[in-house]
Amino acid sequence: MTRRLWLGAEVAAVALVLALLALLVWRVVTDSNPSVAQSLNTGKHPTAPVFDLKRLSGDGRVDLASLRGRTPIVLDFWASWCVPCIQESKRLEAAMRTYAGRITFLGVDTKDYGPDARRWQHKHGITYPSVHDGDGKVLSRWGGLPIPRIFFVDRKGKVVGQLVVEEDLPRYLRQIAQS
Amino acid sequence: MIRRLIAGGVIALALAPPALACNAHPSQAQLEGEVMCPVCGTTLDQSDSPAAQQIKRAIHRRIQAGESDCRIKDALVANYGSSILAAPRRSGFGLLAWWVPLGGIVVAALAVGLAAWRWSRRREPEPAASDPSLNGRGALDPAIERRLDEELARYDG
């Protein structure tokens, strides 16, 4: 009886070690998936990873899956503590008026304090909707810090590029509007 | 030994409630040491980044409004997720992070103690104390001993 108990304990210990090993492997494999920014840097155009986040202002959520493949999207990762984000968001606000009805503009307020973020939008006159990515998990899948990061998704749901230099904005906007 | 361990566990559980209690008047320094900066990987008190300063201001406003540390932390977790706290909460699922390592140490100590006890019981018994005159050898066969005595008696005679 004691011998059987001892054998059971040994089997349980080995099973526990194997389970922890499997968890480690799973984490390494999951973390090694390239972000959208990394894929773009290697010349690939990945399908936009979906997310489902709460709106920054008002109730409800935005599910990117419901937009992806239906309309071109400009995705703007920003935060109220990010100084360069002010200028980029203002440029997107102006572009939104030009491409109204043809391109969806969506902000992702990331690693930010919600009340400050709402004040920031009001202060700088940013009217396109934003969702709140408080823990930054969505930002990580798209490329991580630093921000601002602005991505352009065509009508088929493929990420065609991200804004690197000023000239990228009109070029990518034309490209996804025609997709 | 087991009784002492159980007693230790009971004492730890008895002391747990004070640790779980909320501080109604937290200090800015206390919370800055317990909350992470979301972009730097350090606690707030070690960072002057704009994101850290933003949270420091939010904490300051809430302390001024008379909120407890639990309430302030709840608000920050609701906004940033549980990773904003430098240490897991001492309640709910977070309690596991505190007790599982302790439980693991206790279980490991018990296993080692049990193994040592079993090993000590299995050891071979010590050989009986032998006659020093044998010089480590076994006793002579009685027939050989009798013959040896006869030979010695013959020489003595």
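This text goes with the structure placed above it.
Residues numbered from 1 in each chain as written. Chains lettered and ligands numbered in written order. Predicted model: local features only at pLDDT ≥ 70, side-chain atom pairs only at ≥ 80, totals over all residues. Heavy atoms only, no water.

Enquirer: Even after reading the chapter, I still don't get the overall build of chain B, so can you show me in this structure?
Expert: Within chain B one finds six helices and zero strands. Reading the secondary structure of chain B in the N-to-C direction produces α-α-α-α-α-α. Here chain B holds 157 residues, and 20% of them are scored as buried. Put simply, of all contacts in chain B between residues at least 6 apart along the chain, 50% involve residues at least 24 apart. Surface accessibility of chain B: about 11500 Å² in total, with carbon and sulfur atoms responsible for 60%. (Helix = DSSP H or I, 4+ residues; strand = E, 2+ residues; numbered from the N terminus. Buried < 20%, exposed > 50% of the residue type's maximum accessible area, 1.4 Å probe, protein only. Contact = heavy atoms within 4.5 Å. Areas by Shrake-Rupley, 256 points an atom, 1.4 Å probe, with all protein chains shown as cover.)

Enquirer: What should I look at first to understand the pattern of salt bridges in this one?
Expert: Pairing between side chains of opposite charge can happen when the charged atoms of each approach one another. One pass over the full model with this rule turns up eleven salt bridges over all chains. For lysine 73 of chain B, the salt bridge is made with glutamate 34 of chain B, and the minimal N-O distance between the two is 2.7 Å. Taken as a pair, lysine 73 of chain B in helix 4 (residues 69-80) and glutamate 34 of chain B in helix 2 (residues 28-34) lie far apart in primary sequence, 39 residues in all. Note on lysine 73 of chain B: relative accessible area 16%, which makes it buried. When the shortest N-O distance is used, the salt bridge between arginine 154 of chain B and glutamate 151 of chain B registers 2.6 Å. Of the two residues, arginine 154 of chain B and glutamate 151 of chain B are both situated in helix 6 (residues 142-156); the distance of three residues between them amounts to about one turn of the helix. By sharing partners, the salt bridges in this structure join Asp116 and Arg119 of chain A together with Arg61 of chain B into a single network. (Salt bridge = Lys/Arg side-chain N within 4 Å of Asp/Glu carboxyl O.)

Enquirer: Is there a simple way to explain the interface of chain B and chain A in this structure?
Expert: By a frequent convention, interface size equals the accessible area lost on bringing the separate parts together. Taken together, the 14 residues of chain B in the interface contact 15 residues of chain A. Summing the contributions of chain B and of chain A, the shared interface buries around 1300 Å²; its carbon and sulfur component is 53%. Its largest share of buried area at the contact with chain A, chain B owes to Gln54, Asn79 and Tyr80 of chain B, together 39% of the area lost on that side. Taken together, the links from chain B to chain A amount to one salt bridge. Here arginine 61 of chain B makes a salt bridge to aspartate 116 of chain A, at a shortest N to O gap of 3.3 Å. Our enumeration of links across chain B and chain A arrives at ten residue pairs in polar contact (both at pLDDT 80 or more). Every element with two or more residues in the side of chain B that touches chain A is listed here: helix 3 (50-64), helix 4 and helix 5 (94-122) of chain B. (Buried area = accessible area lost by both parts, 1.4 Å probe. Polar contact = N/O pair within 3.5 Å; in protein donor to acceptor, adjacent residues only side chain to side chain.)

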